[in-house]
Amino acid sequence: MSVISGGSDYDRLPFGSSPSSVVSYPINQDYPGGAQSVMSSAVTAANSILPPEQANINFKPTTTAVTKISKLKLHVLLDSTIYTAGGILTGRLALTSSTARSIKLGEISVELTAFEELSVKEYTASQSFLSSRLVFQSENLPPSNAVHGPKDNGYWTAKKGKTTFPFAFKIPVDAPSSVTYASLASLKYVVTGVVQFFNNNKADTLFKSKEALIVEAWDGQNPIYKQPVNETNMKQLWMGGSGAVTLEGTLSETLFQSGGNVSVQVRVKNETKRRVMYDFPVFLNFNICKILFN
């Protein structure tokens, strides 16, 4: 029985209040019990994330140079369009070789990297604050199902056909959401497949990247979100004297989920000399919310 082997490296750079280290898990299709058994193990192991002093390995970003080779194709496939912080990012690295002779494959890996970018007229910067790397095949690991024959200087002869490498990364529970603000600033999570190959007496590397969308985790049962929010806004009226119209609004809770009901209590107090006409159409609720949170 052939086994897809894998080992993982953990990288984390200090960056303000950066998230915890990412934990990566190799998923083997031939693993006893199937992928679900490995996923169960991944969830169990998620509670034992490496502490910063053990996970603080210098980040080694890969080159962004694009290499193309017609005989070798690489694709990154994600199992979901959106992932939640604290959950597990799963997907597959698909490697296809159209020949079984002229190409040799070295290290095969997949990386999850999170970074912030800022680009304005006078300043441009990019900072990686979290990364994890899962290795399926390397000099120190057994060959994968994508190759055959003996090893030659860290490379094996590629098999003709398609080989799939499932992967899983544990996302830190305090990971921030993906965001893009025009072309000025962004926070992204990128999954990159990496394959080292030897062709025509030349060693090179093939890369393929895909962005993963991450949303921040919210603990909706936290008592702090059940506390009411009270705000007051006052305004004097023309020819209304020294008094003012006071609008008091109260939200029953601090956090509301999409699709639920928003409970707002409104109180109006008129201490001016003028008579005030008011009603409460539906759109007023949004204005009240703006007053409460601004």
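Cut-offs and rules
Residues numbered from 1 in each chain as written. Predicted model: local features only at pLDDT ≥ 70, side-chain atom pairs only at ≥ 80, totals over all residues. Heavy atoms only, no water. Core = buried A, V, L, I, M, F, W, Y, C linked by side-chain atoms within 4.5 Å. Buried < 20%, exposed > 50% of the residue type's maximum accessible area, 1.4 Å probe, protein only. Helix = DSSP H or I, 4+ residues; strand = E, 2+ residues; numbered from the N terminus. Contact = heavy atoms within 4.5 Å. 1 Å grid on protein atoms, 1.4 Å probe; cavity = no way out; pocket = protein on both sides within 12 Å on 5 of 7 lines; lining within 4 Å. Points joined across faces, edges and corners; volume = space filled by probe spheres on them. Pairing = 2+ DSSP bridges. Axes fitted to C-alpha atoms, helices over the stretch in contact; angles between N-to-C directions. pLDDT = per-residue confidence, 0-100. Patch = residues over 30% accessible without salt bridge, like charges linked within 9 Å, V, L, I, M, F, W, Y side chains within 5 Å. Areas by Shrake-Rupley, 256 points an atom, 1.4 Å probe, with all protein chains shown as cover. Salt bridge = Lys/Arg side-chain N within 4 Å of Asp/Glu carboxyl O. Lys, Arg positive; Asp, Glu negative; His and termini not counted. Charge placed at Lys NZ, Arg CZ, Asp CG, Glu CD.

Asks: Go over the nonpolar core with me, naming the residues and quoting the values.
Replies: One finds Leu 72, Leu 89, Leu 95, Leu 105, Ile 108, Phe 167 and Val 191 to be the most contacted residues of the largest nonpolar core, which totals 37 residues. Looking at this core, the elements that each hand over two or more residues are strand E3 (72–78), strand E5 (88–97), strand E6 (103–119), strand E7 (124–137), strand E9 (155–158), strand E10 (161–170), strand E12 (185–199) and strand E13 (202–215). Looking at this core, the element that brings in the most residues is E6, giving 6 residues. The contact partners of Ile 108, leaving out residues within four places of it in the chain, are Leu 93, Leu 95, Leu 134, Val 135, Phe 136, Gln 137, Ser 144, Ala 146, Phe 165, Val 194 and Val 195.

Asks: Before we move on, could you go through empty space enclosed by the protein and cite the residues and values that matter?
Replies: Where empty space is left can be seen by rolling a probe of water-molecule size over the atoms. Counted under the stated rule, the structure contains 1 cavity of 30 Å³ or more. For the largest cavity, the calculated volume is near 40 Å³. If you trace the largest cavity, you find it lined by Leu 72, Leu 95, Thr 96, Ser 97, Leu 105, Ala 146, Ala 158, Lys 159, Gly 161 and Thr 163. If you list the elements that add at least two residues to the lining of the largest cavity, you get E5 and E10.

Asks: Explain the sheet that holds strand E15 (residues 245–251) to me, and be specific about the residues and the numbers.
Replies: Taken together, the 3 strands give an open sheet; going across it, the order is E14-E15-E16, and neighbouring strands pair in antiparallel fashion. A strand with exactly one partner marks an edge of an open sheet, and here the two such strands are strand E14 (229–235) and strand E16 (264–270). Along the sheet, successive strands turn relative to each other by an average axial angle of 15°, direction set aside. With 7 bridges connecting them, E14 and E15 associate as antiparallel partners. Across the sheet, Thr 232 pairs through a bridge with Glu 248, a residue of E15.

Asks: Help me get a handle on the confidence of the model for the protein chain, residues and values and all.
Replies: On average, residues of the protein chain score 76 in pLDDT, and 71% of them reach the 70 mark or higher. In this model residues 1–64 is a low-confidence stretch, pLDDT under 50, and it forms 130 contacts with partners more than four residues away in sequence or in other chains.

Asks: So what's going on with a positive patch on the surface? Residues and values would help.
Replies: Judged by side-chain charge, Lys 68, Lys 73, Lys 208 and Lys 210 come together as a positively charged surface patch. Of note, Lys 68 is situated in the loop between helix H2 (52–55) and E3. A residue is classified by how much of its surface remains accessible, and Lys 68, at 77% relative accessible area, is exposed.

Asks: Any details on the pairing of E5? Residues and values, ideally.
Replies: Along E5, 8 of the 10 residues are buried, which leaves the element largely enclosed by surrounding structure. In this sheet, E5 lies alongside E3 in antiparallel orientation, the contact comprising 7 bridges. Bridging across to E5, Lys 73 finds its partner in Thr 96. Here E5 pairs with E10 via 10 bridges, running antiparallel. For Leu 95, the partnering residue across the bridge sits in E10 and is Thr 163.

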